[in-house]
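Here is how the chains run, residue by residue.
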Amino acid sequence: MSQTDDGTDVRLADGIDHQVAMVMDLNKCIGCQTCTIACKTNWTDGGGREYMYWNNVETKPGSGYPRDWEEMGGGWDEDGEERTPGELQDKEAYGRAWEFNHEQVMYEGSDEPLRPMEQPDWGPNFDEDEGAGEYPNSYYFYLPRICNHCTHPSCVEACPRSALYKREEDGIVLVDQDRCRGYRYCVEGCPYKKVYYNAMKKTSEKCIFCYPRIEGEGPEGEVLPPSCAEDCPPQLRLVGYLDDEEGPIHKLVNEHEVAVRLHPEYRTEPNVYYIPPFAPPQHSESGESIESERIPRNYLEELFGPDVHEALNTIERERAKVERGEESEVMELLTTTDTTDQYRLEVFD
Ligand code: SF4
Ligand code: SF4
């Protein structure tokens, strides 16, 4: 535990000096998958990684990627002391690259539209935009996911060779490729299913929070935010340190408590936080707005735990303030377009 000058507690993992973190505002995500592609082309376009999306965006409610990852177990027991067993999902759960009729359309003069050669029945983001609920009150939202670089990572604990570790300087969780022997206990142990096995290299691989970018290893030596954040068209990701008390992450997570964790009951203490989604109110049969929330609160509670209620209530209060012409730090933080606020990565050495 460390305490900031304003007296709020921030729990950092043992031996970690500062914890890098991300806040994603789900109200801005348009499901364009730019983040997925930015990550894929930067880090996972090599052999054995075809099925890997270190960053993925899934439609909720939905089975996600890999399929039904929320039912695969992993994480910690209620006291946060014993790991709970997780399952190893099969290859099909990740979906596989479909074969398209490129050859015929591009080179053989076929008038057929471009389409998969066989009827696909599963793939990443297969249930895009399906959602739940009955017309006219159906609903869905997009959920972008990366490794959460957890404070209490069950993947690290699961590895008998200590190949996974949490860096002291910023809490990023990495796999030492020389130590890893591909046992895949980490894949079972992570309840978010954010470690992947590379069958060609026979090692595990995962999101590295673009650490070379935040270390300023780019061509100009600049410090850059992770690619998923920088390339996101609506700029919904804020990046910084949880313990930087002037930064938006600390303010949104610890002071205003409007950014919440995904599945806190897994008890790995993720360092990726979400601003929960709002939707227009429900409509009556005659098409009028009625006083009933479209996205059921109990579903949001299932995803983000009980703190989601207060987070939603606070955001509503803050919005009302802005509508009355008053100032709101929360709304300012959530709507800033100043990149020095969005990405505060140079505050600690
Ligand atoms: S999300 Fe999974 S892989 Fe990432 S640190 Fe947490 S437990 Fe480990
Ligand atoms: S790039 Fe941004 S808006 Fe597009 S899917 Fe990713 S997080 Fe959502």
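The sections below set out a description of the structure shown in this document. (Residues numbered from 1 in each chain as written. Chains lettered and ligands numbered in written order. Predicted model: local features only at pLDDT ≥ 70, side-chain atom pairs only at ≥ 80, totals over all residues. Heavy atoms only, no water.)

1. Things to note about the packing of aromatic side chains
For clarity, the threshold we go by: To pair, rings of Phe, Tyr and Trp, with the six-membered ring standing in for Trp, must have centres within 6.5 Å; the planes then decide the type, stacked if under 30 degrees apart, edge-to-face if over 60, and tilted in the middle. The way it works is that DSSP assigns letters per residue, a run of H or I at least four long becomes a helix, a run of E at least two long becomes a strand, and they are numbered from the N terminus. The classification of residues rests on relative accessible area computed with a 1.4 Å probe and restricted to protein chains. Under 20% of the type maximum is buried, over 50% is exposed, and intermediate values are partly exposed.
Within the structure shown, the criterion is met by 16 aromatic pairs. Here the aromatic rings of Y51 and Y94 are separated by 4.7 Å at their centres, their planes lie at 80 degrees, and the arrangement is edge-to-face. Taken together, the residues Y51 in the loop between α1 (34-43) and β4 (56-60) and Y94 in the loop between β4 and α2 (102-107) connect sequence positions 43 residues apart. Taking the relative accessible area as the measure of exposure, Y94 reaches 5% and is therefore buried. Each ring, one from W98 and one from F126, has its centre 6.3 Å from the other, and the planes form 90 degrees; the classification is edge-to-face.

2. Brief notes about the environment of R83
The test is simple: Only heavy atoms enter the contact rule, under which two residues are in contact if any of them lie within 4.5 Å.
Checked against the element boundaries, R83 lands in the loop between β4 and α2. Since its relative accessible area comes to 34%, R83 is described here as partly exposed. In this structure R83 touches G75, W76, S154, E157, A158 and G189, once residues within four positions along its chain are discounted.

3. Some points on the site of ligand 1
Heads up, the condition is: Distances are taken per atom, and a residue is near a molecule or strand as soon as one of its heavy atoms is within 4 Å of it. Polar here means any residue outside two lists: the nonpolar Ala, Val, Leu, Ile, Met, Phe, Trp, Tyr, Cys and Pro, and the charged Asp, Glu, Lys and Arg; Gly therefore counts as polar.
All residues in the neighbourhood of ligand 1 are listed as C147, N148, H149, C150, P153, S154, C155, V173, C190, Y192, V195 and K206. For the shell around ligand 1, the class distribution of residues is 8 nonpolar, 3 polar and 1 charged.

4. Section: the sheet that holds strand β3 (residues 20-25)
How we decide: Any two strands between which DSSP finds at least two bridges are classified as paired. A fitted line through C-alpha atoms serves as each axis, taken over the contacting stretch for helices, and the angle formed by two N-to-C directions is quoted from 0 to 180°.
Ordered by their spatial adjacency, 4 strands build an open sheet running β10-β3-β12-β11, and the pairing between neighbours is mixed. At either margin of the open sheet sits one strand with a lone partner, and together these are β10 (237-241) and β11 (260-261). Pairing geometry for β3 and β10, over 5 bridges, is antiparallel. Looking at the pairing, M24 lines up with R237 of β10. Sheet contacts for helix α7 (residues 248-255): β3, β10 and β12 (272-275); angle to β10, the most-contacted strand, approximately 95 degrees.

5. Looking at the side chain of R49
Topologically, R49 is positioned in the loop between α1 and β4. The class of R49 is buried, set by a relative accessible area of 14%. What R49 contacts, discounting residues up to four positions off in sequence, is K40, W43, T44, N198, K201 and E205.

6. Observations regarding the side chain of N55
Rules: Think of a polar contact as two N or O atoms within 3.5 Å of one another; within protein, one of them needs to be a possible hydrogen donor and the other a possible acceptor, and neighboring residues in sequence only count if both atoms come from side chains.
With respect to the element layout, N55 can be found in the loop between α1 and β4. Residue classification places N55 among the buried residues on the basis of a relative accessible area of 1%. Only 2.9 Å separates the side chain of N55 from the side chain of R237, close enough to count as a polar contact. Discounting chain neighbours no more than four positions away, the residues touching N55 are C35, T36, C39, R145, I146, K194, C228 and R237.

7. A look at the pairing of β10
The buried count for β10 comes to 5 of 5 residues, which makes it a mostly enclosed element. Here β10 shows no split at all, with R237, V239 and Y241 on one side and L238 and G240 on the other all buried.

8. A few points about the site of ligand 2
Ligand 2 sits among 14 residues. The nearest are C29, C32, Q33, C35 and C232. By residue class, the composition of the shell around ligand 2 is 10 nonpolar, 3 polar and 1 charged.

9. Notes on the pattern of salt bridges
Basically, it comes down to this: In what follows, salt bridge is the name for a side-chain nitrogen of Lys or Arg lying within 4 Å of a carboxyl oxygen of Asp or Glu.
What the rule picks out here adds up to 17 salt bridges. The partner of R49 in a salt bridge is E205, with the nearest N and O atoms 2.6 Å apart. Taken together, the residues R49 in the loop between α1 and β4 and E205 in strand β9 (residues 203-206) connect sequence positions 156 residues apart. Accessibility expressed as a relative area gives 4% for E205, which makes it buried. Between E329 and K251 there is a salt bridge, with its nearest N and O atoms 3.2 Å apart. Of this pair, E329 sits in helix α10 (residues 329-335) while K251 sits in helix α7, and the two are 78 residues apart along the sequence. Residue classification places K251 among the buried positions, given a relative accessible area of 14%. Three or more residues are tied together by salt bridges with common partners; here these are E58, K60, E70 and R145.

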